[in-house]
Amino acid sequence: MDFRMFEMREPDRAQRRDAILDAATAILREKGYRDTTMLDVARQVSASKETLYAWFGNKSGLFQAVIRRNANTVRTVLVSHLDGNAPIEEALDDVGRALASLLLGDGAVAINRAAISEARSEPVLARILIETGREATLPFFVRYLERCRERGLLDFDDPREAAETFLGLLLGDKQVRRLLGALDTPEVEEIEAMAKQAAARFLRLYG
């Protein structure tokens, strides 16, 4: 076991952990969940397999960590706007960009495919994906929308319904089409356009 990984300073340890999760995601995209091994990931990052088991427990634990990290990316954007005073259209643009980049990105698509294909043998993946993804992130967006309503910026009856509407305006059927391989990874410019369009349409409905 590489004991140096346990002696790292926290910033170095976090950087190393991110490198491992990046490698795991890349191999998942290439091989699929069933054919990805802890040894594959260890070799990719020049670590011992024992170290990966010590950090993540097993392959399921490793990919649960990938899922949680992805969810935290969007949650960080949402939390930054909860107590901020950025113009609402700018905030919705930010949220839309973060959500679309994550949900339509190669990593998220690979993870979702894995959760679906292994629903019987590894149901924990789907459960973690739901619990740490949509169900953990959406309440932050709902709270942001409620705060905007309190400030007189939005008008709606059900904040969760409004949040779901924004997601529908942003993604449409693109996430399903990505999962089916019928849609390529969107370019940065496409993501920007999707976010701006969703924000504008949302404000026409509820502004």
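Refer to the structure above for everything that follows.
Note that the structure is predicted; figures quoted are calculated from it, not measured.

Undergrad: Looking at this structure, I do not really get unusual backbone geometry. What am I missing?
TA: We note that S46 has phi near 55 degrees; this positive angle belongs to a residue other than glycine. Take S46: it is sitting in the loop between α2 (38-44) and α3 (49-56). Judged by its relative accessible area of 64%, S46 is exposed.

Undergrad: Sorry, what's going on with the packing of helix α5 (residues 88-103) against helix α8 (residues 159-171) here?
TA: To describe two helices that pack against each other, one gives the angle between their axes and the distance between the axes. Across the interface, α5 lies against α8 with an axial gap of 11 Å and an inter-helix angle of 60 degrees. Crossing handedness for the pair α5 and α8: right-handed. Between α5 and α8, the residues in contact are L92, V95, G96, L99, A100 and L103 and F166, L167, L170 and L171, respectively. Broken down by class, the residue content of the contact of α5 with α8 amounts to 9 nonpolar, 1 polar and no charged.

Undergrad: What is the right way to read the packing of aromatic side chains from this model?
TA: How two aromatic rings sit relative to each other is set out by the distance from centre to centre and by the angle between their planes. The full count for this structure, using the stated rule, is 6 aromatic pairs. Taking the centre distance of 5.4 Å and the plane angle of 65 degrees together, the rings of Y33 and F63 count as edge-to-face. Here F63 lies in helix α4 (residues 59-82) and Y33 lies in the loop between α1 (10-31) and α2, a separation of 30 residues in the sequence. F63 gets classed as buried once you look at its relative accessible area, which sits at 3%. Taken together, F141, F156, F166, F202 and Y206 form an aromatic cluster joined through their ring pairs.

Undergrad: I'm lost on the packing of α8 against helix α10 (residues 188-206) in this one. Help?
TA: At a closest axis distance of 8 Å, the pairing of α8 and α10 adopts a crossing angle of 140 degrees. Here α8 lies oblique to α10, going by the angle between them. Crossing handedness for the pair α8 and α10: right-handed. In this structure, α8 uses A162, T165, F166, L169 and L170 to contact α10, whose residues at the interface are M194, A195, A198, A199, R201, F202, L205 and Y206. A class-by-class count of the residues in the contact of α8 with α10 yields 11 nonpolar, 1 polar and 1 charged.

Basis of the calculations
- Residues numbered from 1 in each chain as written.
- Predicted model: local features only at pLDDT ≥ 70, side-chain atom pairs only at ≥ 80, totals over all residues.
- Heavy atoms only, no water.
- Helix = DSSP H or I, 4+ residues; strand = E, 2+ residues; numbered from the N terminus.
- Buried < 20%, exposed > 50% of the residue type's maximum accessible area, 1.4 Å probe, protein only.
- Axes fitted to C-alpha atoms, helices over the stretch in contact; angles between N-to-C directions.
- Left-handed = near helix turned anticlockwise from the far one by under 90°.
- Contact = heavy atoms within 4.5 Å.
- Nonpolar A, V, L, I, M, F, W, Y, C, P; charged D, E, K, R; others polar.
- Phe/Tyr/Trp six-rings, centres within 6.5 Å; stacked < 30°, edge-to-face > 60°.
- Parallel < 35°, antiparallel > 145°, perpendicular 65-115°, else oblique.

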